[in-house]
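Analysis of the macromolecular model
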Amino acid sequence: MIKRILDWLYAQGYVNESNNKIIELGLQRMKSTFTSIIFSAIVSWLMGDVVIGLLFELTYIPIRIYAGGYHASSKRRCEYLSYGSLLLCMILIFYVPLKVEIMHVLLLLSGGIILLQSPIESPNKRLNSVEKKIYRRKSIMYLVIVVFVYVLMIGMNKMLYTRTVMYSICLVAVGLIQMEKIKAKMKRIHMQLFVHCL
């Protein structure tokens, strides 16, 4: 599918040798995002409310894009972790009721982690100082919007939707924590190699 779209874009003159890799990566990301949304919608529909899956993705994706997070070492591992974490979140949303106070605490902790650590770089995508400022500002802006949605859902007494928003923020925070652990491990390995070379 992506190859056919690329071929069509080549034929139209939108893609050439200087931008083909960027366009291909963008198409792959669009496909991945679309597949994730479809998966969430199907799982939440099977569990009883398709809006939950769509709300989860709408509140998760914008923050995750700008805050960063864990990047798996392979595409297959990424898919397993993405779909597995999504499925786990859906199960928690639908089948594990939480007291409002616990949701508030989890939201505050997760939001605090996002505020303190975003944006977090991956080894494959380094950010310059300007990009860091832009990504940080956007991740905070989307976090504020999502927290507003959370407050709105509480005000409307929509606890299932409230849990959905809270878990989307929690999942971003978990990804940030995991990426920080990987960065710390890489620093230790580099330090050991440096010491070994001396």
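Residues numbered from 1 in each chain as written. Predicted model: local features only at pLDDT ≥ 70, side-chain atom pairs only at ≥ 80, totals over all residues. Heavy atoms only, no water.

With 31 residues, the main nonpolar core has Phe56, Ile63, Met90, Ile114 and Ile169 as its most contacted residues. Of all the secondary-structure elements, those providing two or more residues to this core are α3 (50-67), α4 (75-95), α5 (100-117), α6 (129-155) and α7 (159-197). For this core, the element with the highest residue contribution is α7, accounting for nine residues. Not counting the four nearest positions on each side in its chain, Ile169 is found in contact with Ile63, Leu107, Ser110, Gly111, Ile114, Leu143, Val146 and Val147. (Core = buried A, V, L, I, M, F, W, Y, C linked by side-chain atoms within 4.5 Å. Buried < 20%, exposed > 50% of the residue type's maximum accessible area, 1.4 Å probe, protein only. Helix = DSSP H or I, 4+ residues; strand = E, 2+ residues; numbered from the N terminus. Contact = heavy atoms within 4.5 Å.)

Here the focus is unusual backbone geometry. The phi angle of most residues is negative, glycine excepted, and most peptide bonds adopt the trans form. Put simply, Ser118 and Pro119 share a cis peptide bond, and its omega is -5 degrees. Within the secondary structure, Pro119 sits in the loop between α5 and α6. Of note in this structure, Asn157 is not a glycine but carries a positive phi near 60 degrees. Here Asn157 lies in the loop between α6 and α7. Its relative accessible area of 60% is what places Asn157 among the exposed residues.

Nothing here speaks to function; it is geometry throughout.
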